Amino acid sequence: MDLSIVIPTYNEEESLRELFLWIKKVTHENNLTYEVIFVDDGSTDSSWQVISELKKEYPEIKGIKFSRNYGKSAALYAGFAKVQGDVVITMDADLQDSPDEIPELYRLIKEEKYDLVSGWKQKRYDPVGKTLPSKFFNLTARTVSGIKLHDFNCGLKSYNKKVVKNIEVYGEMHRYIPILAKQAGFKKIGEKVVKHQARKYGVSKYGWERMIKGYLDLITVMFITRFGKSPMYFFGALGTFMFLLGGGFVIYLISEKLYLQHHGLSVRQVTDQPLFYLALTAIIIGAQLFLSGFLGELINRRSPDRNSYQIDEEL
């Protein structure tokens, strides 16, 4: 099979049929064999009913229904587990991503041998309150990760099948799939300017809280990709530094007291000096960080599957 298209869906009943028929038209015009995997992320409208009806008409459709809303990352992870196509494309269900981009996204993976190609919505039809924070967020992600993409969070992406089978997307990490892919050894990551369309149905499912989550997740993903397998490297190193820093100040204070006593000079009690208590604090923090590293190593080796979701039905 040439192509698998994974579409996370949450309360998008109006757009699903139109989106699929558009995908069907584009793939047939380009002679691509394909499957479309709709993942209903706990929709409260009739999205699953629409998917079920489409499945009866078109066998190339597959459906996964979550028992509740687990988030986009869990939806992508469930979809990735089912894909069979050589190239995997993800897109949103709200018709803001154009299926007309599919052939070129497919070609970049198959012919130009990219591991991952991310869409770049150069011209967006979103309010300023959404676009300005997004630009600042993407600038930060580029700087921290070293991956030169303009739009990390674009839902329209294409992947070599090997990529989606070798990365784990959980929590809110769908924003950072390029970073996860790079960490997994897939370094040929490209970008394509894609058409962004104004929302035709419904309203956006994302609010202002996504900005806060975005930066917290960026810190998380950078930590996990660098220290996830060996948290001791981070906590141990930082704890050792703090412990030695505090210990060094204690030695300095004691040495200063002994020196002044030896020369018959006025001496302050070590415990009367604020620096002594700062040094003790540093020693305690250092020891706690070091122990955190040990605990992190133990937890890391016994952690259960982080993608926890319950599927009600499958088609």
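Rules used in this analysis
- Within every chain, residues take consecutive numbers counted from 1 along the sequence as written.
- The predicted nature of this model means local features are confined to residues of pLDDT at least 70 and side-chain atom pairs, given and counted, to a pLDDT of 80 or more, with totals for whole chains, interfaces and linings taken over all residues.
- Remark: hydrogens and water are excluded; side-chain values derive from all non-hydrogen atoms of the structure.
- The way it works is that DSSP assigns letters per residue, a run of H or I at least four long becomes a helix, a run of E at least two long becomes a strand, and they are numbered from the N terminus.
- Two residues qualify as a contact provided that any one of their heavy atoms is within 4.5 Å of a heavy atom in the partner residue.
- Each accessible area is a Shrake-Rupley result for a 1.4 Å probe, and residues are judged covered by the shown protein chains and nothing else.
- A 1.4 Å probe rolled over the protein chains alone gives each residue an accessible area, and that area as a share of the maximum for its type sets the label: buried under 20%, exposed over 50%, partly exposed in between.
- Like charges within 9 Å and nonpolar side chains (Val, Leu, Ile, Met, Phe, Trp, Tyr) within 5 Å are joined into patches, using only residues over 30% in relative accessible area that form no salt bridge.
- The term salt bridge refers to a pairing of a side-chain nitrogen on Lys or Arg with a carboxyl oxygen on Asp or Glu at a separation within 4 Å.
- The convention is simple: Lys and Arg are positive, Asp and Glu are negative, and His and the chain ends are not counted.
- Working definition for charges: the position is that of NZ of Lys, CZ of Arg, CG of Asp or CD of Glu.
- The span you would expect from a helix comes to 1.5 Å times its residue count less one.
- Definition of a polar contact: a pair of N or O atoms within 3.5 Å, with one able to donate and the other able to accept a hydrogen when the atoms are protein atoms, and with sequence-neighbouring residues admitted only if both atoms are side-chain atoms.
- Here, the term nonpolar core denotes a set of buried Ala, Val, Leu, Ile, Met, Phe, Trp, Tyr and Cys residues that are joined through side-chain atoms within 4.5 Å.
- Whenever a helix is involved, its axis is fitted only over the stretch in contact; in every case the axis is a line through C-alpha atoms, and angles between N-to-C directions fall within 0 to 180 degrees.
- By convention, the crossing between two helices is left-handed when the near helix turns anticlockwise from the far helix through less than a right angle, and right-handed when the turn is clockwise.
- Three residue categories are used. Nonpolar comprises Ala, Val, Leu, Ile, Met, Phe, Trp, Tyr, Cys and Pro, charged comprises Asp, Glu, Lys and Arg, and polar comprises the others, including Gly.
- Paired strands, in this sense, are two strands between which DSSP finds at least two bridges.
- Aromatic pairs are defined between Phe, Tyr and Trp rings, using the six-membered ring for Trp, whenever the two ring centres lie within 6.5 Å; interplanar angles under 30 degrees are classed as stacked, those over 60 as edge-to-face, and all others as tilted.
- As a reminder, the over-ring test applies to NZ of lysine and CZ of arginine, requiring each to be within 6 Å of the ring centre and within 35 degrees of the ring normal.

## Regarding the overall build of the chain
Within the chain, the secondary structure is distributed over 10 helices and eight strands. Put simply, 81% of the contacts in the chain that link residues at least 6 apart link residues at least 24 apart. Of the roughly 16300 Å² that the chain leaves accessible, carbon and sulfur atoms contribute 58%.

## Things to note about helix 3 (residues 72–82)
The buried fraction of helix 3 amounts to eight of the 11 residues, a majority that puts the element mostly inside the structure. Buried within helix 3 are the following residues: Lys-72, Ser-73, Ala-74, Ala-75, Leu-76, Ala-78, Gly-79 and Phe-80.

## Some points on a positive patch on the surface
Among the surface-exposed residues, Lys-148, Lys-182, Lys-187 and Arg-226 lie close enough to one another that they form a single positively charged patch. Relative to the elements of secondary structure, Lys-187 occurs in the loop between helix 7 (177–183) and strand 7 (189–193).

## Some words on helix 9 (residues 231–262)
Counted at 1.5 Å a residue, the expected span for helix 9 with its 32 residues is 46 Å, and the 46 Å between its end C-alpha atoms agrees. Looking at helix 9, one finds that the buried residues are Pro-231, Met-232, Gly-236, Gly-239, Met-242, Gly-246, Gly-247, Val-250 and Leu-253. Looking one or two places after helix 9, you find Gly-264, whose phi comes out positive at around 65°.

## Here's the deal with the side chain of Thr-9
Inspection of the secondary structure assignment puts Thr-9 in strand 1 (residues 3–9). What makes Thr-9 buried here is its relative accessible area of 1%. Here the side chain of Thr-9 touches Ile-7 through a polar contact of 3.3 Å, landing on its backbone oxygen.

## Quick notes on the nonpolar core
Residues Phe-80, Tyr-159, Ile-177, Ile-179 and Val-221 are the most contacted members of the largest nonpolar core, which totals 34 residues. Elements with a contribution of two residues or more to this core: strand 2 (34–40), strand 3 (61–66), helix 3, helix 5 (128–145), helix 6 (161–164), helix 7 and helix 8 (209–227). A per-element tally of this core places helix 3 first, with five residues. In this structure Ile-177 touches Leu-76, Phe-80, Leu-116, Tyr-159, Ile-167 and Val-169, once residues within four positions along its chain are discounted.

## Concerning the packing of helix 1 (residues 16–29) against helix 2 (residues 47–57)
Put simply, helix 1 and helix 2 touch, their axes get as near as 10 Å, and they point 35° apart. Here helix 1 and helix 2 pass one another in a crossing that is right-handed. Facing Leu-16, Arg-17 and Phe-20 of helix 1, the residues of helix 2 in contact are Ser-47, Val-50, Ile-51, Leu-54 and Glu-57. Residue classes in the contact of helix 1 with helix 2 are distributed as five nonpolar, one polar and two charged.

## A short note on the pattern of salt bridges
Under the counting rule described, the total for this entry stands at 11 salt bridges. Several salt bridges share partner residues, and in doing so they unite Glu-104, Arg-107, Glu-111 and Glu-112 into one network.

## A look at the pairing of strand 4 (residues 87–90)
Burial along strand 4 is two-sided: Val-87 and Ile-89 and Val-88 and Thr-90, pointing in opposite directions, are all buried. The sheet contact formed by strand 1 and strand 4 spans four bridges and is parallel. Bridge pairing in strand 4 links Val-6 to Thr-90. Inspection of the sheet shows strand 4 paired to strand 6 (residues 157–160) by four bridges, in the antiparallel sense. In the sheet register, Val-87 faces strand 6, and the bridge partner there is Asn-160.

## Topic: the side chain of Lys-121
Mapping Lys-121 onto the fold places it in the loop between strand 5 (116–120) and helix 5. Judged by its relative accessible area of 11%, Lys-121 is buried. Aside from chain neighbours lying at most four places away, what touches Lys-121 is Asp-97, Asp-151, Cys-154, Gly-155, Val-194 and His-196.

## Remarks on the packing of aromatic side chains
Scanning the entire structure with this criterion turns up six aromatic pairs. Ring geometry for Phe-234 and Phe-235: centres 5.2 Å apart, planes at 85°, overall edge-to-face. In this structure Phe-234 comes out as partly exposed when scored by relative accessible area, which is 31%. Over the ring of Tyr-70 we find Arg-68, and its NZ or CZ is 4.0 Å from the ring centre. The residue whose ring lies beneath Lys-188 is Tyr-114, and the NZ or CZ to ring-centre distance is 4.9 Å.

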